[in-house]
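Residue-level structure breakdown
Below, each chain spelled out in residue letters.
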Amino acid sequence: MDAPIRCAGCDRIYTREQLIAENGEMIESALEDIKADMMDHARKTFRDAFRGSKYIKVR
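A brief look at the structure comes next. (Residues numbered from 1 in each chain as written. Predicted model: local features only at pLDDT ≥ 70, side-chain atom pairs only at ≥ 80, totals over all residues. Heavy atoms only, no water.)

A closer look at the pattern of salt bridges
Taken as a whole and judged by the stated rule, the model has five salt bridges. Among the salt bridges present, the one from arginine 43 reaches aspartate 40, with a minimum N-O distance of 3.6 Å. In this pair, arginine 43 and aspartate 40 both sit in helix 1 (residues 16–49), three residues apart, roughly one turn of the helix. Judged by its relative accessible area of 32%, arginine 43 is partly exposed. For aspartate 40, a relative accessible area of 46% corresponds to the partly exposed category. When the shortest N-O distance is used, the salt bridge between aspartate 48 and lysine 44 registers 3.0 Å. Linking aspartate 48 with lysine 44, this pair stays in helix 1, spanning four residues, or about one helical turn. The class of lysine 44 is partly exposed, set by a relative accessible area of 48%. Connected through salt bridges with shared partners, the residues Lys44, Asp48 and Arg51 form a single ionic network. (Salt bridge = Lys/Arg side-chain N within 4 Å of Asp/Glu carboxyl O. Helix = DSSP H or I, 4+ residues; strand = E, 2+ residues; numbered from the N terminus. Buried < 20%, exposed > 50% of the residue type's maximum accessible area, 1.4 Å probe, protein only.)

Shown next as structure tokens:
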């Protein structure tokens, strides 16, 4: 999907590549936050699933 995208705030038209280039830092930051949240959730889920097992320890 390479259709131009119009900004609702400033009414400028951008391509997908321009948006990624200009917002790359914010995208990477949000991606890192999501990764950290997913790892915390997975760790908690596994810890809860294997609670009480004397053979499996989740760190």
